[in-house]
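Survey of secondary and tertiary structure
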Amino acid sequence: AQSVTQPDIHITVSEGASLELRCNYSYGATPYLFWYVQSPGQGLQLLLKYFSGDTLVQGIKGFEAEFKRSQSSFNLRKPSVHWSDAAEYFCAVGVKAAGNKLTFGGGTRVLVKP
Amino acid sequence: NAGVMQNPRHLVRRRGQEARLRCSPMKGHSHVYWYRQLPEEGLKFMVYLQKENIIDESGMPKERFSAEFPKEGPSILRIQQVVRGDSAAYFCANSRGPLYQETQYFGPGTRLLVL
């Protein structure tokens, strides 16, 4: 069965430090990959997406992610975290053969220390 | 172009009542999806609709849940005879086209609390 794993449930990072959030998936076909961010009580905002082409993708708010097919990973990074980045981050994967639905990871909650 | 609109934002129901959740997609976005987020979990796909058609309902519980997207008006997710386990955030997403061409944009969600 298709699955998406975000191994880190919580991450605490100091403001100004770098951040990396991990995402691994298990799919047989080439996936479409997304990262969304959710602030408390809010909906999901798209940070970035990978459909094809360059495996390093740039998103909003200074985030980037790299698709590594050999590792079935799509990790999210930010070089310098701001206090406003405290939120929950979800990796999502879709596969054309599986229809139009997204499969989400369990999320990683990021806490930013002053 | 306004974003995806959902209402109500919060809904409280007693066990056995009906819950109706509405989703008005963005202009030009004819593909609608419903996802459910249980407390402390990620989102789980429920159903995918296009105008007047249910395309994929593989994530929808077999009983008490139904969804529609009529020719006119918003998409509706209906939960009959709610139980406490239905308490969750329900998110609507929309896109212009299929997943491999277009991004899904999410609404703010409806948070359902069943007492």
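A few points on the structure. Because the structure is predicted, anything quoted here is derived from the model rather than measured.

Turning next to the packing of aromatic side chains. Summed over the entire model, instances satisfying the criterion amount to 14 aromatic pairs over all chains. Ring centres 5.1 Å apart and planes at 80 degrees place the aromatic pair Tyr36(A) and Phe106(B) in the edge-to-face group. Here Tyr36(A) is found in strand β5 (residues 32–38), whereas its partner Phe106(B) is found in strand β10 (residues 105–106) on a different chain. When its relative accessible area of 0% is taken as the criterion, Tyr36(A) is described as buried. Joined through ring pairs, the aromatic side chains of Tyr32(A), Phe34(A), Tyr36(A), Phe51(A), Phe90(A), Phe104(A), Tyr35(B), Phe45(B) and Phe106(B) make up one cluster. Lying over the aromatic face of Phe51(A), Lys49(A) brings its terminal NZ or CZ to 5.4 Å of the ring centre.

The next subject is the environment of Val95(A). Positionally, Val95(A) belongs in the loop between β10 (87–94) and β11 (103–104). Taking the C-alpha atoms as reference, Val95(A) lies 6.8 Å from Ala29(A); in sequence the two are 66 residues apart. Once residues within four sequence positions are removed from consideration, Val95(A) is found in contact with Tyr27(A), Ala29(A), Thr30(A), Pro31(A), Tyr32(A) and Leu99(B).

As a further point, take unusual backbone geometry. Residues and elements named next belong to chain B. Here the bond from Asn7 into Pro8 is cis, since omega is -5 degrees, no more than 30 degrees from zero. By secondary structure assignment, the location of Pro8 is in the loop between β1 (5–7) and β2 (10–13). Backbone geometry places Glu52, a non-glycine residue, at a positive phi of 65 degrees. Here Glu52 shows up in the loop between β5 (43–50) and β6 (53–56). Accessibility expressed as a relative area gives 57% for Glu52, which makes it exposed.

For the rest of this paragraph, the subject is the nonpolar core. Counting residues in each nonpolar core, the largest one holds 29 residues, and the members touching the most others are Trp35(A), Leu48(A), Phe74(A), Leu76(A) and Tyr89(A). Elements with a minimum of two residues in this core: β2 (10–14), β3 (19–21), β5, β6 (44–50), β8 (64–68), β9 (73–78), β10 and β12 (108–113) of chain A. The contacts of Leu76(A), once residues within four sequence positions are left out, are Leu19(A), Glu20(A), Leu21(A), Trp35(A), Leu47(A), Leu48(A), Phe63(A), Glu64(A), Ala65(A) and Tyr89(A). In terms of nonpolar packing, the next biggest core, distinct from the first, is built from 23 residues, Met60(B), Ile79(B), Ala88(B) and Tyr90(B) among them.

All names here are of chain B. A cluster of nonpolar side chains, namely Val12, Leu113 and Leu115, defines an oily patch on the protein surface of about 240 Å² accessible area. Mapped onto the elements, Val12 comes out in strand β2. Residue Val12 is classed as partly exposed on the basis of its relative accessible area of 44%.

Residue and element names in this part refer to chain A. With respect to the helices and strands, Thr108 occurs in strand β12. A polar side-chain atom of Thr108 sits 3.4 Å from a polar atom in the side chain of Gln6. Thr108 has contacts with Gln6, Asp8, Ile9, Ile11, Leu21, Ala87, Glu88 and Tyr89, leaving out every residue within four places of it along the chain.

Turning our eyes to something else, we now look at the environment of Ser24(B). All names here are of chain B. Along the polypeptide, Ser24 turns up in strand β3 (residues 19–24). C-alpha separation for the pair Ser24 and Thr103, spaced 79 residues apart in sequence, amounts to 17 Å. The contacts of Ser24, once residues within four sequence positions are left out, are Gly3, Val4, Met5 and Pro74.

Definitions and limits used
Residues numbered from 1 in each chain as written. Chains lettered and ligands numbered in written order. Predicted model: local features only at pLDDT ≥ 70, side-chain atom pairs only at ≥ 80, totals over all residues. Heavy atoms only, no water. Phe/Tyr/Trp six-rings, centres within 6.5 Å; stacked < 30°, edge-to-face > 60°. Helix = DSSP H or I, 4+ residues; strand = E, 2+ residues; numbered from the N terminus. Buried < 20%, exposed > 50% of the residue type's maximum accessible area, 1.4 Å probe, protein only. Lys NZ or Arg CZ within 6 Å of the ring centre and 35° of its normal. Contact = heavy atoms within 4.5 Å. Core = buried A, V, L, I, M, F, W, Y, C linked by side-chain atoms within 4.5 Å. Patch = residues over 30% accessible without salt bridge, like charges linked within 9 Å, V, L, I, M, F, W, Y side chains within 5 Å. Areas by Shrake-Rupley, 256 points an atom, 1.4 Å probe, with all protein chains shown as cover. Salt bridge = Lys/Arg side-chain N within 4 Å of Asp/Glu carboxyl O. Polar contact = N/O pair within 3.5 Å; in protein donor to acceptor, adjacent residues only side chain to side chain.

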